[in-house]
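The residues making up each chain are set out below.
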Amino acid sequence: MNSEQWIQKSDTYIMKTYGRFPLVPVRGQGCRLWDADGKEYLDFLGGIAVNNLGHCHPRVVAALQQQAAELIHCSNLYQIPQQIELAELLCEHSFADKAFFCNSGAEANEAAIKLARKYSRDNYGVQRYEIITATESFHGRTMATVSATGQEKVQRFFDPLLHGFSHVPFNDVEALEAAVTPATCAIMLEPIQGEGGVNIPTAEYFREVRRICDQNNLLLIFDEVQVGMGRTGKLFAYEHFNCAPDIMTLAKALAGGAPIGAMLARNEVAAAFSPGTHGSTFGGNPLVCAAAIATIRTILEENLLAHTVEMGGFLLAELETLAKKYPFVQGVRGIGLMIGMSLALPAAGIVTKGHERGVLLNVVHDTVLRFVPPLIVTQQDVTQMITILDCILAEVEA
Ligand SMILES: *Cc1c(COP(=O)(O)O)cnc(C)c1O
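So, how was this worked out
- Residues numbered from 1 in each chain as written.
- Predicted model: local features only at pLDDT ≥ 70, side-chain atom pairs only at ≥ 80, totals over all residues.
- Heavy atoms only, no water.
- Helix = DSSP H or I, 4+ residues; strand = E, 2+ residues; numbered from the N terminus.
- Rg over C-alpha atoms; globule rule 2.2 N^0.38 Å.
- Buried < 20%, exposed > 50% of the residue type's maximum accessible area, 1.4 Å probe, protein only.
- Contact = heavy atoms within 4.5 Å.
- Near = heavy atom within 4 Å.
- Polar contact = N/O pair within 3.5 Å; in protein donor to acceptor, adjacent residues only side chain to side chain.
- Areas by Shrake-Rupley, 256 points an atom, 1.4 Å probe, with all protein chains shown as cover.
- Nonpolar A, V, L, I, M, F, W, Y, C, P; charged D, E, K, R; others polar.
- Arc of directions from axis to C-beta.
- Disulfide = S-S within 2.5 Å.
- Axes fitted to C-alpha atoms, helices over the stretch in contact; angles between N-to-C directions.
- Left-handed = near helix turned anticlockwise from the far one by under 90°.
- Expected span 1.5 Å × (residues − 1).

Undergrad: Explain the overall build of the chain here, please?
TA: In terms of helices and strands, the chain carries 14 helices and 15 strands. Its C-alpha atoms give the chain a radius of gyration of 21 Å, within 12% of the compact-globule value 21 Å for 398 residues. For the chain, with 398 residues in total, the buried portion stands at 54%. At a minimum sequence separation of 6, the contacts of the chain that also span at least 24 residues come to 71%.

Undergrad: Would you explain the environment of N303 in this entry?
TA: Within the secondary structure layout, N303 lies in the loop between helix 11 (286-301) and helix 12 (304-325). The class of N303 is exposed, set by a relative accessible area of 54%.

Undergrad: What exactly am I supposed to notice about the site of the ligand here?
TA: Taken together, S104, G105, A106, N109, F138, H139, G140, E190, D223, V225, Q226 and K252 make up all the residues around the ligand. At 2.8 Å from an oxygen atom of the ligand is found a main-chain nitrogen or oxygen belonging to G105. Backbone polar atom of F138 to a nitrogen atom of the ligand: 3.2 Å apart, as the coordinates give it. Relative to its unbound accessible surface of 390 Å², the ligand loses 81% to contact with the protein. Tallying contributions element by element places helix 5 (residues 105-124) first for the shell around the ligand, with 3 residues. For the shell around the ligand, the residue count by class is 3 nonpolar, 6 polar and 3 charged.

Undergrad: Would you take a moment to explain helix 13 (residues 348-356) for this structure?
TA: Along helix 13, the residues classified as buried are I350, V351, G354 and H355. Looking straight down helix 13, one finds its buried side chains confined to an arc of 145°; they lie on one side. In this fold, the buried residues of helix 13 make contact with strand 3 (40-43), strand 12 (338-343), strand 13 (359-360), strand 14 (363-364), strand 15 (368-371) and helix 14 (379-397). Just downstream of helix 13, G358 is the residue with a positive phi angle, here 85°.

Undergrad: Honestly, the state of the cysteines in this entry has me stumped. Any pointers?
TA: By definition, a disulfide links two cysteine residues through a covalent bond between their sulfur atoms. Taken as a whole and assessed by the stated rule, the structure comprises 0 disulfides. Between C31, a cysteine without a disulfide, and C56, which holds the nearest cysteine sulfur, the sulfur-to-sulfur distance is 13 Å. Under the relative-accessibility criterion, C31 is labelled buried at 5%. Free of any disulfide, C289 has its nearest neighbouring cysteine sulfur in C74, separated by 9.9 Å.

Undergrad: Would you mind showing me how to read the packing of helix 4 (residues 81-92) against helix 11 here?
TA: Packed helix pairs are specified by the crossing angle of their axes together with the interaxial distance, meaning the distance between the axes. Where helix 4 meets helix 11, the closest approach of the two axes is 8 Å, and the angle between their N-to-C directions is 30°. Between helix 4 and helix 11 lies a crossing whose hand is left-handed. For the pair formed by helix 4 and helix 11, the contact residues are Q82, Q83, E85, L86, L89 and L90 on the first element and P286, C289, A290, A292, I293, I296 and R297 on the second. In the contact of helix 4 with helix 11, the residues fall into 9 nonpolar, 2 polar and 2 charged.

Undergrad: I'm lost on helix 12 in this one. Help?
TA: Since one α-helical turn is 3.6 residues long, residues separated by three or four positions face the same way. End to end, helix 12 covers 31 Å across 22 residues, agreeing with the expected 32 Å (1.5 Å per residue, within 8%). Taken together, the buried positions of helix 12 are L304, L305, T308, M311, G312, L315, L316, L319, L322 and A323. Down the axis, helix 12 shows its buried residues gathered within 145° of arc, on one side only. Exposed residues lying more than 90 degrees from the buried face of helix 12 are A306, E310 and K324.

If you want it as structure tokens, here you go:
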């Protein structure tokens, strides 16, 4: 079937939860995708910061094929070697001692919220359960994570929300300190806000956040669902800020495109979960864990963190050159390959023009172009994208 035919069938059978583009990718390799009509696209969205190794990375494909032929699923009633090995890898490379696995970012954050509440209740009593999060944050689409998210557009229509969340401006120490009450049990933040527009806080902010947590015995939860797994040039974004959390959540890029979520914690905190307190049927099954192990090993063994720093620096510099050329570009910011370009106008039209010219771009917060290409992106890929973007911005100006 061609793209047109797929789009018609989609209208018939798929619920309209997304504003989907009329684009039907059917094959991918590295930083490139091909649609059902055979047209090629250079991918600077990477499945929304999921395809950090690009599409169909040979090591991920091999791990999935091999594991699929051996054992796909058994149950968390039994021990799962791939899950154990993945937990060891994540703990060895982070602040954490223990891992819990689920299937998505929202589920990882649900697990973090439940663990924080349970830990606080065990240690300080039932009156202490509130979690402070940031405005413009994004933590997922389940009821608890919608309640945690600081964006009206995500929350509206779904009242009553889950009780026990308050929101303060991001990167504002005073507002955070003022929001702490005797009922507060945790602070939950993205180290860099993704959906909120690629918002990067000061290093000083997280030093102060950690101090506020320590002084008030609050748990610090980092939602690294988007910025973890090498996206910023460190395996985890918190490493930039010299500020370790007590709980961290991962998902998007963790298994090279296979659906997974993880919630990591220090031993003392993790101990609040005892058998029967939380769980997931699929969470951490052999298939996805094999893909995640291959993904982490590839990031570490193929020096992708250093490559991310290098390519991120190159992309940022090229975007800054464009920013100087076009007065409606307000600014460019980023760490590693997590880069935002603020415009003085809605950016949706730029994405459509990108599709016409064979490049996948992305907008967050209406006016921010977000660049989250695969970490394996090359200098030639960046140059190709910049050339196309330059043409599009020239069109927009005219
Ligand atoms: C994408 C995202 C989520 C939600 O992940 P899902 O897998 O879609 O549930 C949560 N937090 C952040 C920071 C994200 O970017």
